Structure formats: C-alpha cells, structure tokens
Amino acid sequence: MRHLHVACAIIEQNGKVLAAQRSASMALPLKWEFPGGKIEAGESPEECLHRELMEELGVSVRIGATLPPATHQYTNFTVTLHPFTCTLAGGIITPHEHHALQWIEPERMTELDWAAADLPVIGDYMVIAAKNTPS
C-alpha cells in the first residue's frame, strides 16, 4: 500500500485559519483540508510547504510551530501529515487547485466536512490554541 508524506499549513490570520476544499476531480472530492502537498525525495517538510503553497495558492508563508505528525489509513493508501502553523508573508491567495477557500474560526472548524487525515491535526491545533489563549 502506498504511504504518502504530506506537509500541510494551518495558515493563521486575524484569529481565523484557512481551510481549502478539494476540487471535485481530486481524490477525496470536495473534502476540506489544510493546504499543502506531497513531500518529494530529498525535500524537508518545510521546503515542501513553501513550494506547495506557492504552487497551490500563490503565497509565501512564515512557518511557526510544528504540530505532531498524524497518520491515517484510507482504503487504498496511507498518509502521514506533517502540520505547521503559518502566517502569510507575501502574495495574494489565489486557489489554483482547490474548489473553495474559507477563513474560519478555529472553534468552528469541525463544522466543515474534513478529510479524515486532517481531523487529528485539528484536535492537536485546538489543544495548542487553547493553551495560547489568555484566560
């Protein structure tokens, strides 16, 4: 079974995060995900993220915190996500591959129909976000 390693970005802006909806022609059609893509041979997850976000969205980012990797087994492949929090550093967000993009409050993320592999990343992000919120 194929095992993919994917870098993904939790892009934060004004208290919201960017969710990307896969196109109808992609695997996992119309599921929501964090933008990113497959890590190529000899590429670090961070290098992959910079390359993929420029290709997919036309933006550069500043990479912040690294979240724990999350592995999910689908019917015909396994994916390990390598998530990072990010902020925009340049460019104008333009969806080159995705059906839709949405800025959403972290506490509302579970309202979207996410790809299963992204769900543990959301859980980890919510734990980190709760720790960083002043009480």
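Refer to the structure presented above.
Here the structure is a predicted model, which means the values were calculated and not measured. (Residues numbered from 1 in each chain as written. Predicted model: local features only at pLDDT ≥ 70, side-chain atom pairs only at ≥ 80, totals over all residues. Heavy atoms only, no water.)

Judged from the 10 bridges that link them, strand E1 (residues 2-13) and strand E7 (residues 77-91) form a sheet pairing that is parallel. The partner of histidine 3 across the bridge, within E7, is threonine 78. The pairing of strand E5 (residues 59-66) with E7 spans six bridges and is classified as antiparallel. Considered in E7, the bridge of threonine 66 is made with phenylalanine 84. Across four bridges, strand E6 (residues 70-73) lies against E7 in antiparallel orientation. Bridge pairing links histidine 72 to valine 79 in E7. The turn joining E6 and E7, which pair antiparallel and follow one another in sequence, is formed by three residues. (Pairing = 2+ DSSP bridges. Helix = DSSP H or I, 4+ residues; strand = E, 2+ residues; numbered from the N terminus.)

Looking now at the nonpolar core. One finds Ile10, Phe34, Val79, Leu81, Met109 and Trp114 to be the most contacted residues of the largest nonpolar core, which totals 23 residues. Among the secondary structure elements, those contributing two or more residues to this core are E1, strand E2 (16-21), E7 and helix H2 (119-132). Among the elements that make up this core, the one with the highest residue count is E1 (four residues). Membership of the second largest hydrophobic core comes to 12 residues, among which are Ile11, Leu57, Val61 and Phe84. (Core = buried A, V, L, I, M, F, W, Y, C linked by side-chain atoms within 4.5 Å. Buried < 20%, exposed > 50% of the residue type's maximum accessible area, 1.4 Å probe, protein only.)

Note: most peptide bonds trans; most residues except glycine with negative phi. The phi torsion at asparagine 14 lies on the positive side, around 50°, for a residue other than glycine. Among the structural elements, asparagine 14 can be located in the loop between E1 and E2. Judged by its relative accessible area of 74%, asparagine 14 falls in the exposed class. Here leucine 28, not a glycine, exhibits a phi torsion of approximately 55°, which is positive. Take leucine 28: it is sitting in the loop between E2 and strand E3 (32-33). Accessibility expressed as a relative area gives 25% for leucine 28, which makes it partly exposed.

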